[in-house]
Amino acid sequence: MSPTKSTFGNRVPKQVQRCLPLYIAFIIFILLITNLDLLGSGASHVKRDVVRKSRSGSTAVAAEPAHFPKKIWQTWKVDALAFEERDLTRARTWTAKNPGHRYEVLTDNNDMYYVEQHFGPEGINRPDIVDMYRSLSARIIKADLLRYLVMYVEGGVYADIDVENLKPIDRWIPKRFEESDLDIVIGIEVDQPEFSSHPILGQKSRSFCQWTFMCKPGNPLMMRLVDGILSWLNEIAEKEGKPISEITLDFDDVLTGTGPSAFTIATLAEMSMREGRKIEWDTFHNLDEAVLVSGILVLNVEAFAAGQGHSDSGNHNSRFALVKHRYHASGWPSSHPRHTHPAYGEVEKCNWNAECVAMWDVNTAAYESLSEEDKAKMIEIKKANDIIEKEKADQQARFLEMLEKQEAEKPKFDAGPQLPLKGGDQAPLVAADPAPLDAAPVAAPPLPEAALAALLPAEVVGGKPEGEQPAGPVPRPKAAPARDAAPVLEG
């Protein structure tokens, strides 16, 4: 026996010597258990990496960045050099408030090239995406799909062309959150779950906003959306027996297929997968402060959808309001019409007012019991009212556009040198505030009785029946618009 071994054996009890290997094994086991979460998080993070393909054909995986790319993306018919004045005014708010960000617009002339470059053989190599995008003829579907493709590849901020930036992007994330813990920032658009069972409004009553959002490249939510859109379009084409370029889509088809409803369904599904449990809309109902769910930060409704006149969306003067949606580029429903009743129009015009929606439901149900003659009279009354309403809307639009143009052309006020007042005090000169943009609209002139006489039966000329009214419901009252309310559900 060596002196060293003898000395060690004399100092350490034999029971401890016999148990020492067990102690060492136990310590190693504890270390493995405590580091399993780190190993798991590393594995899950790989799912969010960006997969790219080099020109040589080898595939590379780029790690998800800790920060959101300083890029601002918009899509439109033409590039920024050819913008109309109103579009240019909106675009300048993004560059002025975010001088450290790159601003880029994809257009109808270069979008196909972008898709081919990034999703063709030299990019991610998804020929199904390239072929589908090339086949599409519906502008709104291409616009929705393109934003998801760009955000998957590039990341940064996406905003519709008619969205104005109110606060710098650097202030979008509340200070209590770490940017490295987030991979996407979204907001609420519609939060009216009490209408969830309504046959028309139900699928639109709970939705996240997709006219503005921010994400990091390689986000799996974006690819979940893209794959879902491709499957949906192929199903419609097969059902109609037509090629993709000839399929017919109405307003609700667009919302549920590529728009806010599709965005919401995919987001909740992604959250549920990441959390390992079903995430319901209740998590975001009446949201006052931002909520983080597995890397997806959800801001309250005022962030991206203030001033809608519903969903407790407040107004654009709120400190939570980050953007202002102007809606002037939301004309796509003319190509994909809503459900419109012949006598009572669109229930969406109620702007989620419960009393108005209930009256619309009652009136449209009672309409079915009317005689064909009385139905025809109700339809003529609606046509006359539509003429008046359109004139009012046109006058208000011209009035607001004139005020905005005057404000933009007004020279900056410079008080210049000021003379001291008596006593040595000096009062600064202050420029008068311009007229508010939400000033009362100019009233439209009433429709001449001669025009009404040509449209309506004799007993309803002038809008007041002289004889017996047609049996059944009367036209519903219009819901009072919010101060800066905009057309609803045209994201």
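Before reading further, recall that the structure is shown in the block above.
Cut-offs applied
Residues numbered from 1 in each chain as written. Predicted model: local features only at pLDDT ≥ 70, side-chain atom pairs only at ≥ 80, totals over all residues. Heavy atoms only, no water. Phe/Tyr/Trp six-rings, centres within 6.5 Å; stacked < 30°, edge-to-face > 60°. Helix = DSSP H or I, 4+ residues; strand = E, 2+ residues; numbered from the N terminus. Buried < 20%, exposed > 50% of the residue type's maximum accessible area, 1.4 Å probe, protein only. Lys NZ or Arg CZ within 6 Å of the ring centre and 35° of its normal. Pairing = 2+ DSSP bridges. Axes fitted to C-alpha atoms, helices over the stretch in contact; angles between N-to-C directions. Contact = heavy atoms within 4.5 Å. Disulfide = S-S within 2.5 Å. Right-handed = clockwise from strand over helix to strand, strands pointing away. Polar contact = N/O pair within 3.5 Å; in protein donor to acceptor, adjacent residues only side chain to side chain. Core = buried A, V, L, I, M, F, W, Y, C linked by side-chain atoms within 4.5 Å. Salt bridge = Lys/Arg side-chain N within 4 Å of Asp/Glu carboxyl O.

(A) Here's a closer look at the packing of aromatic side chains. Evaluated as defined, the whole model comprises eleven aromatic pairs. Considering the side-chain rings of F195 and W352, the 5.4 Å spacing of their centres and the 65° angle between planes classify their relative orientation as edge-to-face. With a gap of 157 residues between them, F195 in the loop between β7 (184–191) and β8 (206–215) and W352 in the loop between β11 (323–325) and α12 (354–367) connect regions that are remote in the sequence. Residue classification places W352 among the buried residues on the basis of a relative accessible area of 7%. Through a chain of ring-to-ring contacts, three or more aromatic side chains come together here, namely Y148, Y158, F213 and F263. When the ring centre of F68 is taken as origin, the NZ or CZ atom of K216, which lies over that ring, is 5.1 Å away.

(B) Main features of the sheet that holds strand β9 (residues 291–293). Read from one edge of the open sheet, seven strands run β4-β3-β5-β8-β7-β10-β9, paired in mixed fashion. The open sheet has two free edges, formed respectively by β4 (102–107) and β9, since each of these has just one partner strand. Across the sheet, the axes of successive neighbouring strands diverge by a mean angle of 30°, strand direction being ignored. With six bridges joining them, β7 and β8 adopt antiparallel strand pairing. Bridging from a neighbouring strand, V190 pairs with S207 of β8. The sheet contacts of helix α4 (residues 85–97) involve β3 (71–76), β4, β5 (156–159) and β8, and relative to β3 the element is tilted by about 165°.

(C) Local environment of the state of the cysteines. This model, assessed by the stated rule, comprises one disulfide. A sulfur-sulfur distance of 2.1 Å marks the disulfide that ties C350 to C356. The sign of the S-S torsion, about -65°, decides the handedness of the disulfide formed by C350 and C356: left-handed. For C350, a relative accessible area of 1% gives the class buried. According to the relative accessible area criterion, C356 is buried, its value standing at 6%.

(D) Focus on the pairing of β3. For β3, a buried count of six out of six residues is recorded, marking the element as mostly surrounded by other parts of the structure. The side-chain alternation of β3 yields two buried faces, one formed by K71, W73 and T75 and the other by I72, Q74 and W76. Direction of pairing for β3 relative to β4: parallel, over a ladder of six bridges. When the sheet's bridge partners are listed, T75 is paired in β4 with L106. Traced from β3 through α4 to β4, the parallel crossover comes out right-handed. Direction of pairing for β3 relative to β5: parallel, over a ladder of two bridges. Opposite W73, over in β5, you have Y158 as the bridge partner.

(E) Inspection of the side chain of H310 at higher detail. By secondary structure assignment, the location of H310 is in the loop between α11 (301–305) and β11. For H310, the side chain forms a polar contact with the side chain of S311, separated by 2.7 Å.

(F) Seen up close, the pairing of β7. Within β7, eight of the eight residues are buried, leaving the element largely enclosed by the surrounding structure. Bridge count between β7 and strand β10 (residues 296–299): four bridges; the pairing is parallel. When the bridges of β10 are listed, I186 appears paired with V298.

(G) Spatial organisation of the nonpolar core. Membership of the largest hydrophobic core comes to 80 residues, with the highest contact counts inside it found for M222 and F284. Ranked by residues supplied to this core, first place goes to helix α8 (residues 220–240) with eleven residues. Residues contacting F284, with those up to four places away along its chain left out, are I188, D191, F208, L268, M271, I279, V291, V293 and V298.

(H) Examining the pattern of salt bridges more closely. Inspection of the entire model under this criterion finds 25 salt bridges. R326 serves as the salt-bridge partner of E164, at 2.8 Å between the closest nitrogen and oxygen. In this pair, E164 sits in strand β6 (residues 163–165) while R326 sits in the loop between β11 and α12, placing the two residues 162 residues apart along the sequence.

(I) Seen up close, unusual backbone geometry. Although it is not a glycine, D312 adopts a positive phi angle of roughly 55°. For D312, a relative accessible area of 69% corresponds to the exposed category. The phi torsion at N351 lies on the positive side, around 55°, for a residue other than glycine. Checked against the element boundaries, N351 lands in the loop between β11 and α12.

(J) Fine view of the side chain of S318. Looking at the element boundaries, S318 is found in the loop between α11 and β11. A polar side-chain atom of S318 sits 3.0 Å from the main-chain amide nitrogen of F320. Apart from the residues within four sequence positions on either side, S318 is in contact with K167 and E302.

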